[in-house]
Amino acid sequence: MDLTPKQRKALAAICDTFAPGDDGLPSASELGVADHVLDGLALNPREAERKQVAQLMSLWDTALLTALGRGGFKRFSSLPQAERERVLLSWCDSRLPQRRAAFQALRKGALLMYYTAPGRNGDPNPAWDAIGYSGPLGPRPDAPPKELQPIEPRGGETLECDVCVVGSGAGGGTAAAVLAAAGLDVLVLESGGYYDDGDFDGAELSGYRRLYMNGGGSASHDQSVGLLAGTALGGGTVVNYTTSFRTPEDVRQEWASHGVEAFVGDEYERSLEAVVDRLGVSHEYSRPSARDEVMQRGLTELGWHVDRMPRNVRGCDQGEVCGYCGFGCRLGAKQSTVKTWLRDASKAGARIAVRTRAVRITAEGGRATGVEAETSDGEALTVRARAVVVACGAIGTAALLKRSGLANPNIGRHLRLHPATVAWGVMDEEVRPWQGTLQAIYSDEYRDLDRGYGLKFETAPVHPSLLVAFGPWRSASQHADMMRALAHTAPIGVLLRDRDSGEVRVGRDGHPVVRYRLSEYDAAHMRKGLDGAAQILEAAGARRIFSSHSRWVAYEPGRSADRERFMSEADAAGYGPGQCTMFSFHIMGTARMGGSPATSACDPDGQTWDLAGVTVCDASTFPTASGVNPMISIEAIAHMNATRLAARLAS
Ligand SMILES: Cc1cc2nc3c(=O)[nH]c(=O)nc-3n(C[C@H](O)[C@H](O)[C@H](O)COP(=O)(O)OP(=O)(O)OC[C@H]3O[C@@H](n4cnc5c(N)ncnc54)[C@H](O)[C@@H]3O)c2cc1C
Ligand code: SF4
């Protein structure tokens, strides 16, 4: 993305205020952070949002805007560091959610690039050494050759098939295998590229750019929730943390009450069994990492629920490299769809097209006839098919159905996110939270706070980007101190089952816009989760505990204040947009199955009510939030819906 010299100067001044460098830390300018931010912005497909950044940068270095930020009538770039920090904090703590959103976008943009970019000339980033982070692993020299042979169709081509499956993640991969096994001619369209063991080097920047939606930079329109989803071949199953829960019984009953009886029947049970079997889900690989040991110790001390995690891995190492699993498993142990269903589909004759994006579904006489798609260079191609399976993830699926003219008002609505926040504990011992098994244990102590709604406690690997993303920035020196403690910092993640919902809309440019705000009901559960996470850390012996609020909310057990004060400060800091950092790793519900077009987008077979021949097979189909990490439920629904579709096409 290009900026004028004036706009670029403003951006560089902002980046240098967030990270001016000292004591072994380089400055943002020394690392070329502003250029990396611009490269990252270029990945945002929405031109309107890119323009907004350019406009803000035009105004930023003017005396008027500095005065609005209480920095006096001077240019931002001419102020000393302390005053520039004050200006930034005035945006962070503003009463206006738009200003808080702008601050959060700038903070994340600048600091994520600062800690994830390589150093100049490709050397290791000197900041890694300064904060005690061991950096990327590098490519695996003895990686086996890739097994799949995807095609890359050219512009102008017309491809024919029985079923066009759009998306190759948890849902699309599973559906493709089921349909191909039934003898149907299947063509999978995937907008991302094909990466495998030998490509995964554990580097954060290239990992996010190649494997995550919009380079990992997506968020709801007001930045209240960051949105993470996989976008390479295999979708989220390539980057996810391998936690493999079956759909809980009470959730199945709730889903059945939406008019899909199958959720409580044998058919769904059989699909769950087939998925668990194909993915090799077991409790065999749950050796806790040091960060999971902290959580386990705290839970045990409190006498709270703790259990081993079921995981979809085969031959998992559970060692140091495993914390890098979110950037792809170099050992081929993660049973992603690339290693399982897509392999099965390919063996059964399915074609897999990568770097090919579905733009809209075509129809004639009320029935789908195929897909209009485009290459990564934007050249158009055509797919003719007897049926279309949509599995683009809950954001992409809603957008594709809306772009295709489907008008059911439930499409895009009922978005659930399982918003997650983190309480952080600084321990005396070294934790090195970026290493070790992904998620080896969990706690359901607060699973049911109200009629099945509550939360899970889980940890996650913490590379610099995760601490940057969630942790507060109150000054450059506070932030540097927080980052320098990374190796001693343990996270307790609060994963909320959200009762209330948001929406995916589509802008005039055809790209999705996500609107989501935590309701008061869900915020009360989040608060309870933060309090619980602080208790776990305190019981585990944390020296200091801090939250993911944009204000500094912290205490030192037994020394400064106590948990009650911590919680009242957390309440004062708030849970609204730009006040408490939340991310979603689980995006669900935007084309939900149900018994009536008045309340759902798809019928009990997963077919859209609006257009015959279109079956949805991904997380969009969930009637409500699954309450557990959703991959197994998604694959089971895709398995069931695709089995029914194969039977219909055969008859
Ligand atoms: C970091 C991370 C960790 C996670 N950990 C876990 C975990 O441990 N356990 C768990 O159960 N869940 C986990 N999840 C969630 C889980 O991976 C996702 O919920 C799941 O992959 C979603 O499946 P899906 O089929 O709905 O979509 P996805 O898997 O996201 O697949 C959608 C695919 O469609 C492609 N696509 C989108 N639009 C188009 C288009 N127009 N044309 C062509 N292709 C398109 C995308 O590139 C993508 O590959 C995690 C997610 C993340 C991001
Ligand atoms: S935890 Fe390690 S071996 Fe297991 S799937 Fe992830 S990176 Fe691979």
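Coordinates for the structure precede this section.
A brief look at the structure comes next.

Rules of the game
- Residues numbered from 1 in each chain as written.
- Chains lettered and ligands numbered in written order.
- Predicted model: local features only at pLDDT ≥ 70, side-chain atom pairs only at ≥ 80, totals over all residues.
- Heavy atoms only, no water.
- Helix = DSSP H or I, 4+ residues; strand = E, 2+ residues; numbered from the N terminus.
- Rg over C-alpha atoms; globule rule 2.2 N^0.38 Å.
- Buried < 20%, exposed > 50% of the residue type's maximum accessible area, 1.4 Å probe, protein only.
- Contact = heavy atoms within 4.5 Å.
- Pairing = 2+ DSSP bridges.
- Near = heavy atom within 4 Å.
- Polar contact = N/O pair within 3.5 Å; in protein donor to acceptor, adjacent residues only side chain to side chain.
- Areas by Shrake-Rupley, 256 points an atom, 1.4 Å probe, with all protein chains shown as cover.
- Axes fitted to C-alpha atoms, helices over the stretch in contact; angles between N-to-C directions.
- Parallel < 35°, antiparallel > 145°, perpendicular 65-115°, else oblique.
- Left-handed = near helix turned anticlockwise from the far one by under 90°.
- Nonpolar A, V, L, I, M, F, W, Y, C, P; charged D, E, K, R; others polar.
- Salt bridge = Lys/Arg side-chain N within 4 Å of Asp/Glu carboxyl O.
- Phe/Tyr/Trp six-rings, centres within 6.5 Å; stacked < 30°, edge-to-face > 60°.

### Focus on the overall build of the protein chain
Assigned secondary structure in the protein chain consists of 20 helices and 21 strands. At 24 Å, the protein chain has a C-alpha radius of gyration in line with the 26 Å of a compact globule built from 651 residues. The dimensions of the protein chain, computed from C-alpha atoms along their principal axes, are 75 × 60 × 55 Å. Counting the 651 residues in the protein chain, one finds 61% classified as buried. Long-range pairs, those at least 24 residues apart, make up 75% of the contacts in the protein chain with a sequence separation of at least 6.

### Focus: the pairing of strand β11 (residues 380-390)
Where strand β1 (residues 158-166) and β11 come together, 8 bridges link them in parallel fashion. Bridge pairing in β11 places V166 opposite V390. Relative to β11, strand β10 (residues 367-375) runs antiparallel, the two being bridged by 5 bridges. Paired with A373 across the bridge in β11 is L381. What sits between the antiparallel neighbours β10 and β11 is a turn of 4 residues, in which G378 has the positive phi angle 85°.

### Examining the site of ligand 1
Near ligand 1, the surroundings consist of 38 residues, among which G171, E190, T243, A358 and M631 are the closest. In the model, an oxygen atom of ligand 1 is placed 3.3 Å from a nitrogen or oxygen of the A170 main chain. Within the side chain of N240, an N or O atom sits 3.1 Å from an oxygen atom of ligand 1. Relative to its unbound accessible area of 1,000 Å², ligand 1 is 95% covered by the protein chains.

### Digging into the packing of helix α2 (residues 33-42) against helix α6 (residues 97-116)
Interaxial distance between α2 and α6 falls to 9 Å at its minimum, and their mutual angle equals 115°. Judged on the interaxial angle alone, α6 and α2 are roughly perpendicular. With respect to the hand of their crossing, α2 and α6 are arranged in right-handed fashion. From α2, V33, H36 and V37 reach across to α6, where they touch G109, A110, M113 and Y114. Considered class by class, the residues forming the contact of α2 with α6 number 5 nonpolar, 2 polar and no charged.

### Looking at the environment of R355
Mapped onto the fold, R355 is located in the loop between β8 (351-353) and β9 (356-364). Judged by relative accessible area, which is 30%, R355 ranks as partly exposed. When the C-alpha positions of R355 and G436 are compared, they lie 33 Å apart, and in sequence the two are 81 residues distant. Other than its neighbours up to four places away in sequence, R355 contacts E152, E190, S191, G192, G193, Y195, E374, T375 and S376.

### Some remarks on the site of ligand 2
With respect to spatial proximity, the complete set of residues near ligand 2 consists of R311, V313, C316, D317, C322, C325, C329, L331, A333, K334 and L438. Here the shell around ligand 2 is built from residues that sort into 8 nonpolar, no polar and 3 charged.

### Focus on the pairing of strand β15 (residues 489-496)
Most of β15 sits out of view: 8 of its 8 residues are buried. Pairing of strand β12 (residues 420-426) with β15 involves 7 bridges; the strand directions are antiparallel. Residue pairing for β15: T421 is matched across the bridge by V494. Of the strand pairs in this sheet, strand β14 (residues 455-458) and β15 are connected by 4 bridges, and their pairing is antiparallel. Paired with K456 across the strands is L495, a residue of β15.

### Structural notes on the pattern of salt bridges
Going through the model one piece at a time under the given rule, you end up with 39 salt bridges. The closest approach of N and O atoms between K339 and D196, which form a salt bridge, is 3.0 Å. Of this pair, K339 sits in the loop between β7 (311-312) and α14 (341-347) while D196 sits in the loop between β2 (186-189) and α9 (204-211), and the two are 143 residues apart along the sequence. Given the relative accessible area of 12%, K339 is considered buried. Here R246 ties to E273 by a salt bridge, and the two come within 3.0 Å at their closest N and O atoms. One end of the pair, R246, is in the loop between α10 (236-239) and α11 (249-256); the other, E273, is in helix α12 (residues 266-278), and 27 residues separate them in sequence. For R246, a relative accessible area of 34% translates into the label partly exposed. What emerges from the salt-bridge pattern is a single network uniting R246, E249, R252, E269 and E273.

### Details of the packing of aromatic side chains
Scanning the entire structure with this criterion turns up 23 aromatic pairs. Ring geometry for W304 versus Y446: centroids 5.2 Å apart, planes at 45°, classification tilted. With W304 in the loop between α13 (290-302) and β6 (307-308) and Y446 in the loop between β13 (441-442) and β14, this pair connects stretches of sequence that are 142 residues apart. Taking relative accessible area as the criterion, W304 reaches 14% and is therefore assigned buried. Its relative accessible area of 9% is what places Y446 among the buried residues. For the ring pair W304 and F457, a centre distance of 6.3 Å and an interplane angle of 25° mean the geometry is stacked. You can see W304 sitting in the loop between α13 and β6 and its partner F457 sitting in strand β14, a full 153 residues away along the chain.

These figures come from the coordinates and say nothing about function on their own.
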